[in-house]
Amino acid sequence: MEQGDPFFDWGWATRHLDEVATKILAHLVLTGLAVGIGLLISLALALLIMRYRWLDAPVTWVTGILYTIPSLALFALLVPFWGFSLRTAEVGLVSYTLLILTRNIVAGLRGVPADVREAAIGMGYSPTQLLVRVDLPLALPVIVAGVRIATVTTIGLVTVTAIIGRENLGQFILEGINQLFSTKIVLGAVLSIALAVAADVLLLGVQWLVAPWVRSRERPA
């Protein structure tokens, strides 16, 4: 950055609004794919754990190991297999969602009152009906809480995928550091934080819409 340049160049930002919008959309797509795929895998793992309790420890151990691997190291390990591709980015991002989502889905399902399940079984509900009409709806607040954490975490991790060439807000940060241009650094960082906050608020709103009993329980008498 040339001496005398402002810390944040609003003129540059306004001239590159199309680029900003493109990177925001790419960031959201990477996040949405990772959380969506992670949710499907975690739901399957959680249902297996509920059916076979002995799977709890090994699944938690494996997903915990994946969660503790530094993101730069994980993406570097994946590059030899799939190169600088979308698959490399998504495999890494999905890996970080599994521990959070699986734990919350299992916790939510285990929190369903036994008497409610017994009443549903007494009414003739099949295992599938029990899961879809009783277990998952009652576990939804805990599951959505996990989705909120996973989403916010993934939005932050998506910025790291800029090092493998994936288009997102992290590219602004990386380019800004390489070019010593603070405007790009600030823009990438602030917009990433804003996306995380917006996603958290949106998912909180979704939780209130799909779980009205939570609102009634929290409303003061």
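Being a predicted model, the structure only gives us computed values, none of them experimental.

K.L.:
When you look at the packing of aromatic side chains in this model, what are you seeing that I'm missing?
P.N.:
For any two aromatic rings, the description comes down to two numbers: the centre-to-centre distance and the angle of the planes. According to the stated counting rule, one finds five aromatic pairs in the structure shown. For the ring pair Phe 8 and Trp 10, a centre distance of 4.7 Å and an interplane angle of 70° mean the geometry is edge-to-face. For Trp 10, a relative accessible area of 64% translates into the label exposed. Taken together, a centroid distance of 6.4 Å and an interplanar angle of 70° make the contact between Tyr 67 and Tyr 96 edge-to-face. Residue Tyr 67 is located in helix 3 (residues 56–68), and its partner Tyr 96 is located in helix 5 (residues 86–110); the two are separated by 29 residues in the primary sequence. Take Tyr 67: its relative accessible area is 34%, and that puts it in the partly exposed class. The positively charged end of Lys 23 is found above the aromatic ring belonging to Phe 172, 5.1 Å away from the centroid.

K.L.:
Just to check I follow, could you spell out the pattern of salt bridges for this structure?
P.N.:
Oppositely charged side chains may form a pair once their charged atoms are brought near each other. Overall, the coordinates contain six salt bridges when judged by the stated rule. Across the pair Lys 23 and Glu 19 runs a salt bridge, and its minimum N-O distance is 3.3 Å. Within this pair, Lys 23 and its partner Glu 19 are both found in helix 2 (residues 17–51), separated by four residues, close to a single helical turn. For Glu 175, the salt bridge identified is with Lys 184, shortest N-O distance 2.9 Å. Three or more residues are tied together by salt bridges with common partners; here these are Glu 19, Lys 23 and Glu 167.

K.L.:
Looking at this structure, how should I read unusual backbone geometry?
P.N.:
Note: most residues except glycine have negative phi, and most peptide bonds are trans. In the Ramachandran plot, Leu 180 falls in the positive-phi region, its phi being about 55° despite a non-glycine side chain. Inspection of the secondary structure puts Leu 180 in the loop between helix 8 (170–179) and helix 9 (182–210).

K.L.:
I'm lost on a nonpolar patch on the surface in this one. Help?
P.N.:
Taken together, Leu 25, Val 29, Leu 33, Ile 37, Ile 41 and Leu 86 make up a surface patch of nonpolar side chains, about 470 Å² in accessible area. Tallying contributions element by element places helix 2 first for the nonpolar patch, with five residues. Within the secondary structure, Leu 25 is located in helix 2. Judged by relative accessible area, Leu 25 falls into the exposed class, the value being 54%.

K.L.:
I would appreciate a short explanation of the side chain of Lys 23 in the present structure.
P.N.:
In this structure Lys 23 comes out as buried when scored by relative accessible area, which is 4%. Side-chain polar atoms of Lys 23 contact the side chain of Gln 171, separated by 3.4 Å. In contact with Lys 23, other than residues within four places in its own chain, are Glu 167, Asn 168, Leu 169, Gln 171 and Phe 172.

The rules we used
- Residues numbered from 1 in each chain as written.
- Predicted model: local features only at pLDDT ≥ 70, side-chain atom pairs only at ≥ 80, totals over all residues.
- Heavy atoms only, no water.
- Phe/Tyr/Trp six-rings, centres within 6.5 Å; stacked < 30°, edge-to-face > 60°.
- Buried < 20%, exposed > 50% of the residue type's maximum accessible area, 1.4 Å probe, protein only.
- Helix = DSSP H or I, 4+ residues; strand = E, 2+ residues; numbered from the N terminus.
- Lys NZ or Arg CZ within 6 Å of the ring centre and 35° of its normal.
- Salt bridge = Lys/Arg side-chain N within 4 Å of Asp/Glu carboxyl O.
- Patch = residues over 30% accessible without salt bridge, like charges linked within 9 Å, V, L, I, M, F, W, Y side chains within 5 Å.
- Areas by Shrake-Rupley, 256 points an atom, 1.4 Å probe, with all protein chains shown as cover.
- Polar contact = N/O pair within 3.5 Å; in protein donor to acceptor, adjacent residues only side chain to side chain.
- Contact = heavy atoms within 4.5 Å.

Treat this as a map of the structure, not an account of what it does.
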